[in-house]
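# Working through the structure, step by step
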Amino acid sequence: MIKTSLCDLLGIDYPILQGGMAWVSTAKLAAAVSEAGGLGIIGSGHNDAKWVKEQISQIRKVTVKPFGVNVMMMSPHLEQVMQVIMEEKVPVITTGAGNPAKYIPQLKEVGTKVIPVIASVALAQRLEKAGVDAVVAEGMESGGHIGELTTMALVPQVVDAVKIPVIAAGGIADGRGLVAALALGAMGVQIGTRFMCATECEIHDNIKKMIIKAKDRDTAVSGRTTGHPVRALKNKLTKEYDELEKRCAPVEEFEKLGVGRLKAAMIDGDSEFGTVACGQIAGMIKEIKPARDIIKDILTKAVETMQALGVKRC
Ligand SMILES: Cc1cc2nc3c(=O)[nH]c(=O)nc-3n(C[C@H](O)[C@H](O)[C@H](O)COP(=O)(O)O)c2cc1C
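This is a predicted model, so every value here is computed, not measured.

Take the sheet that holds strand β11 (residues 230-233) next. With antiparallel pairing, three strands are arranged side by side in an open sheet as β7-β11-β10. Looking along the sheet, the strands with just one partner apiece sit at the ends: β7 (144-145) and β10 (219-222). Relative to β11, β10 runs antiparallel, the two sharing four bridges. Counterpart to Ser 222 in the pairing with β11 is Val 230.

This is the structure we're talking about:
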């Protein structure tokens, strides 16, 4: 099927990473993706080190395949979570919302591959110098915290600027997206939103249904004025954020409104006042299916697309 140097680097069959997603990508989803030949990634969010250790233990009960843990660099439990990752010799770590340079030497010492998520050429170059193994270049089409550039503009610029493998993220949910990412010079893709509608994904059914119903223009970006914009499906909460933006409310008001809202959506199913973090590609997702089938569909469509373009497959 489709293989790139990223597969050799990470010991996976296909160049497909399931993005780490706070309150969404638990060990159950990550194990299913890894078992299907991709790289499943546990989203640690702001959970503590005990939670992360339990998740690692759970995934290891289900699969011997490589997996990853995503760490948010602004987590209040950062030091302890990093400690657990090193003790457990987690195969891959991806990082969001910050610069993991400080931890790279220790992580490499225990054999953990380090792959930060970046949204600019400058940060990709800085992290390459610091010794990371690859970068995820994430465009603003994606769900959750976003940068400024689109995937189409960001990926080729990062590819041209660094020598390490680049993984494209943001707005990719099928084989056409995978082929497009490879055409831009990426060695693989990271997919978040599509895997929210995997059977093994443990988010509340209300949220899966909301994604299935979503159309192309149903996401909104909130909090641009705070410097930490988030893309989510439009609901009563995003309207409240709009009001705050209109009256240029102070950052504290945005923070107060956002406390606990991602969990409220993903765990409790609050589709009205929860943060239903989700990418623009939601409009293309029409079915809940096992992670293995999602991956199989992506690969089949990618091969068809390459054949239609007259590209030889390896
Ligand atoms: C609900 C949700 C939660 C997310 N949480 C995180 C996170 O905790 N850490 C992180 O680095 N990225 C996070 N992301 C980004 C994903 O890992 C991935 O890069 C992104 O979803 C890719 O774009 P797509 O949604 O268009 O597939 C999240 C995305 C979503 C949709």
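Having seen the model, we can carry on.
Turning our eyes to something else, we now look at the site of the ligand. Neighbouring the ligand are 28 residues, the closest being Gly 19, Gly 96, Gly 143, Gly 192 and Gly 279. Residue assignment for the shell around the ligand shows that the elements contributing at least two residues are β3 (67-72) and β9 (188-191). Considered class by class, the residues forming the shell around the ligand number 11 nonpolar, 15 polar and two charged.

With that settled, the discussion passes to the pairing of β9. Residues Gly 188 and Gln 190 line one face of β9 and the alternating positions Val 189 and Ile 191 line the opposite face, and both faces are buried. Here strand β8 (residues 166-169) pairs with β9 via three bridges, running parallel. Each bridged residue has a counterpart across the sheet, and for Ile 167 the counterpart in β9 is Gly 188. You can see the chain leave β8, run along helix α8 (residues 175-183) and come back into β9, and the turn it takes is right-handed.

A two-sided burial pattern is seen for strand β6 (residues 135-138), the buried positions comprising Val 135 and Ala 137 on one face and Val 136 and Glu 138 on the other. Across two bridges, the pairing between strand β5 (residues 113-118) and β6 is parallel. The partner of Val 117 across the bridge, within β6, is Val 136. Each parallel crossover has a hand, and for β5 linked through helix α6 (residues 121-130) to β6 it is right-handed. Strand direction decides the pairing type here: β6 and β8, joined by four bridges, are parallel. If you follow Glu 138 over to β8, its bridge partner there is Ala 169.

The geometry of helix α11 (residues 236-246) relative to helix α12 (residues 251-258) is characterised by a closest axis approach of 10 Å and an angle of 175° between their N-to-C directions. Considering their axes alone, α11 and α12 lie roughly antiparallel with respect to each other. For the pair α11 and α12, the contacting residues are Glu 240, Tyr 241 and Leu 244 in the first and Glu 253, Phe 254 and Leu 257 in the second. Taken together, the residues of the contact of α11 with α12 break down into four nonpolar, no polar and two charged.

Let us now look at the domain arrangement of the protein. Domains assigned within the protein are domain 1 (5-202 + 287-309) and domain 2 (215-277). Each of domain 1 and domain 2 has a C-alpha centre, and the two are 24 Å apart. Contacts between domain 1 and domain 2 engage eight residues on the former and 10 residues on the latter. Its residues assigned to classes, the side of domain 1 that touches domain 2 comprises four nonpolar, four polar and no charged.

Attention shifts here to the nonpolar core. One broad rule of soluble globular proteins: the nonpolar side chains tend to lie buried together. Of all hydrophobic cores here, the largest spans 96 residues; its most connected members are Val 135, Ala 137, Val 166, Ile 167, Ala 168 and Val 189. Three or more residues apiece are contributed to this core by two domains, here domain 1 (5-202 + 287-309) and domain 2 (215-277). Setting aside residues no more than four positions away along its own chain, Val 135 makes contact with Ile 115, Pro 116, Ile 118, Ala 124, Leu 127, Val 158, Val 162, Ile 164 and Val 166.

Okay, the environment of Ala 277 next. Along the polypeptide, Ala 277 turns up in the loop between α13 (261-266) and α14 (291-309). Taking the number of C-beta atoms within 10 Å as the measure of exposure, Ala 277 has 27 and is therefore buried. Residues Ala 277 and Ala 220, spaced 57 residues apart in sequence, show a C-alpha to C-alpha distance of 9.5 Å. In this structure, Ala 277 is in contact with Gly 143, Gly 144, Val 230, Arg 231, Ala 232 and Leu 262, ignoring residues within four places of it in sequence.

Read across the open sheet, the eight strands follow the order β1-β9-β8-β6-β5-β4-β3-β2; overall the sheet is parallel. Looking at strand neighbours, the two that pair on one side only are β1 (16-18) and β2 (40-43), the edges of this open sheet. On average, each strand axis in the sheet is tilted by 25° relative to the strand beside it, whichever way the strands run.

For Lys 89, which is not glycine, the phi dihedral falls at a positive 45°. Topologically, Lys 89 is positioned in the loop between α4 (78-87) and β4 (92-96).

Relative to each other, helix α3 (residues 49-62) and α4 sit at 25°, their axes nearing to 8 Å. By the angle between their directions, the pair α3 and α4 is classed as roughly parallel. For the pair α3 and α4, the crossing hand works out as right-handed. Of the residues in α4, those touching α3 at Ala 49, Val 52 and Lys 53 are Gln 80, Val 81, Gln 83 and Val 84. Here the contact of α3 with α4 is built from residues that sort into four nonpolar, two polar and one charged.

Parameters and conventions
- By convention here, each chain's residues receive numbers from 1 onward along its written sequence.
- Where local features are concerned, this predicted model is filtered to residues with pLDDT of at least 70; where side-chain atom pairs are given and counted, the filter is 80 or more; whole-chain, interface and lining totals use all residues.
- One bridge is not enough; two strands pair if DSSP finds at least two bridges between them.
- A helix here means a DSSP run of H or I that spans at least four residues, while a strand means a run of E at least two residues long, and both kinds are numbered starting from the N terminus.
- The criterion for a residue being near a molecule or strand is a backbone-placed C-beta atom within 6 Å of that molecule or strand.
- Gly is put with the polar residues, along with every residue not named as nonpolar or charged; the nonpolar set is Ala, Val, Leu, Ile, Met, Phe, Trp, Tyr, Cys and Pro, and the charged set is Asp, Glu, Lys and Arg.
- Labels follow a simple rule on C-beta atoms placed from the backbone: if 20 or more others lie within 10 Å of a residue's own, it is buried; if 12 or fewer, it is exposed; otherwise it is partly exposed.
- We call a crossover right-handed when, viewed with the strands running away from us, the connection from the first strand over the helix to the second turns clockwise.
- Helix axes are fitted to C-alpha atoms over the stretch in contact, other axes to C-alpha atoms as well, and angles between N-to-C directions run from 0 to 180 degrees.
- Relative orientations are named as follows: roughly parallel for angles under 35 degrees, roughly antiparallel for angles over 145 degrees, roughly perpendicular for angles from 65 to 115 degrees, and oblique for any other angle.
- Note on contacts: residues are paired as contacts if their backbone-placed C-beta atoms lie within 7 Å.
- Per the annotation, domain bounds derive from an automatic or database assignment of domains.
- The term nonpolar core means buried Ala, Val, Leu, Ile, Met, Phe, Trp, Tyr and Cys residues held together as one set by C-beta atoms within 7 Å.
- For any helix crossing, the convention is left-handed if the near helix is rotated counterclockwise from the far helix by under a right angle, and right-handed if that rotation is clockwise.

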